[in-house]
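Coordinates in review
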Amino acid sequence: MFKKLSFDSATASLVVGAAFVIMGTTLLVSTPAHAKAGGHGGPGKGGMHKFMKVDTNQDGMLDLTEMTTAAQLKAEKKLERVDADDNGSVSFEEYTATRRGGADLTEYAEDIIQCVTDLKEELGSTTIQIPSVDDFKTPQARFDSKDTNSDGMIDLSEAQAAATAKATEKFEKLDADEDELVTKTEIRDHHQQFKGTKRAMKHCIKETLNDNIMSDGL
Ligand SMILES: [Ca+2]
Ligand SMILES: [Ca+2]
Ligand SMILES: [Ca+2]
């Protein structure tokens, strides 16, 4: 049974991942959530190791095919992991059984947006991006957007199609000079540009969830 308010600070950082997938600002170089505990994320050693893994022709740059291929492989592995009854596709129950899939920040959206807005002003930041209400989606909405034939299951082709679309969008964001290749420098610059936003979101999600849990407990 999924408990909506079972967030702790470890969950908050996972939820940030979910929120950022929605915002389309997930970084290729960010550390996988499961390896994140105690780590810093960002394009450190782990990030560059990941870069090399994706760069299959080893030319020091990523092309769109390398990125979509890596995303499809990842989607396949994830499907296998989440598919608890091993029937080859993911039901809504299986989807929400994962912490990231089950995360629902929609009812806190206004509070989180307000918090990021305040923080941006407080810090005088020009780079922090303020999310919009549309960036927050319910687990059902996220599930439905992947279940394109609406049969209540996410199968491998649907999971891969979603992963391909996401990777393509990410590629376009990363490829700042639009030469159809993503360099390490472009990834670093992108990370620099978004780390303020990422930090602000993490802080505000944690703060908002803690506030709500505290007031629920009174
Ligand atoms: Ca390459
Ligand atoms: Ca389906
Ligand atoms: Ca480029």
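Structure first, text after, so check above.
Below: a short report on this structure.

1. Focus: the overall build of the protein
Broken down by element type, the protein carries nine helices and four strands. Helices and strands appear in the protein in the N-to-C order α-α-β-α-β-α-α-α-α-β-α-β-α. The 218 residues of the protein split such that 38% are buried. In the protein, 69% of the contacts between residues at least 6 apart in sequence involve partners at least 24 apart. When the accessible surface of the protein is summed, it comes to about 12,400 Å², and 53% of that surface belongs to carbon and sulfur atoms.

2. Things to note about a positive patch on the surface
Residues Lys74, Lys78, Arg81 and Lys166 make up a contiguous surface patch of positive charge. At three residues, the largest contribution of residues to the positive patch is made by helix α3 (residues 64-82). Here Lys74 shows up in helix α3. Exposure remark for Lys74: the relative accessible area of 55% places this residue in the exposed category.

3. Observations concerning the state of the cysteines
A complete count under the given rule lists one disulfide for this structure. Between the sulfur atoms of Cys115 and its disulfide mate Cys204 the distance is 2.1 Å. Measuring handedness by torsion sign, the sulfur bridge of Cys115 and Cys204 sits at about -80° and is left-handed. Placement of Cys115 in helix α6 (residues 109-123) and of Cys204 in helix α9 (residues 184-217) is noted, with a sequence separation of 89 residues between them. Residues Cys115 and Cys204 agree in their burial class; the two are buried.

4. Quick word on the coordination of the calcium ion (ligand 2)
Any two of four tetrahedral donors ideally make an angle of 109.5 degrees at the metal, while pairs among six octahedral donors ideally make 90 or 180 degrees. Each protein donor to the calcium ion (ligand 2) is listed here as Asp147 (OD), Asn149 (OD1), Asp151 (OD), Met153 (O), Glu158 (OE) and Glu158 (OE); together their distances run 2.2 to 2.5 Å. One can describe the site at the calcium ion (ligand 2) as irregular: its six donor atoms subtend angles covering 54 to 158° at the metal. Look at where the donors of the calcium ion (ligand 2) fall in the sequence and you get D-x1-N-x1-D-x1-M-x4-E. On the accessibility criterion, Asn149 (46% relative accessible area) is partly exposed. Residue class for Glu158 comes out buried when judged on its relative accessible area of 5%.

5. Focus on the packing of aromatic side chains
Taken as a whole, this structure holds two aromatic pairs when the rule is applied. Geometrically, the ring pair formed by Phe92 and Phe143 is edge-to-face, given 5.4 Å between the ring centres and 80° between the ring planes. Here Phe92, found in helix α4 (residues 92-97), pairs with Phe143, found in helix α7 (residues 139-146); they are 51 residues apart in sequence, far enough to count as distant. Residue Phe92 is classed as partly exposed on the basis of its relative accessible area, which comes to 22%. Overall, the relative accessible area of 2% leaves Phe143 in the buried class. With centroids separated by 5.4 Å and ring planes inclined at 65°, the aromatic side chains of Tyr95 and Phe143 adopt a geometry described as edge-to-face. With a gap of 48 residues between them, Tyr95 in helix α4 and Phe143 in helix α7 connect regions that are remote in the sequence. Under the relative-accessibility criterion, Tyr95 is labelled buried at 9%.

Basis of the calculations
- Residues numbered from 1 in each chain as written.
- Chains lettered and ligands numbered in written order.
- Predicted model: local features only at pLDDT ≥ 70, side-chain atom pairs only at ≥ 80, totals over all residues.
- Heavy atoms only, no water.
- Helix = DSSP H or I, 4+ residues; strand = E, 2+ residues; numbered from the N terminus.
- Buried < 20%, exposed > 50% of the residue type's maximum accessible area, 1.4 Å probe, protein only.
- Contact = heavy atoms within 4.5 Å.
- Areas by Shrake-Rupley, 256 points an atom, 1.4 Å probe, with all protein chains shown as cover.
- Patch = residues over 30% accessible without salt bridge, like charges linked within 9 Å, V, L, I, M, F, W, Y side chains within 5 Å.
- Salt bridge = Lys/Arg side-chain N within 4 Å of Asp/Glu carboxyl O.
- Lys, Arg positive; Asp, Glu negative; His and termini not counted.
- Charge placed at Lys NZ, Arg CZ, Asp CG, Glu CD.
- Disulfide = S-S within 2.5 Å.
- Donors = N, O, S within 2.8 Å, 3.2 Å for Na, K, Ca; no water.
- Tetrahedral: all angles 85-135°; square planar, octahedral: opposite > 155°, others 65-115°.
- Phe/Tyr/Trp six-rings, centres within 6.5 Å; stacked < 30°, edge-to-face > 60°.

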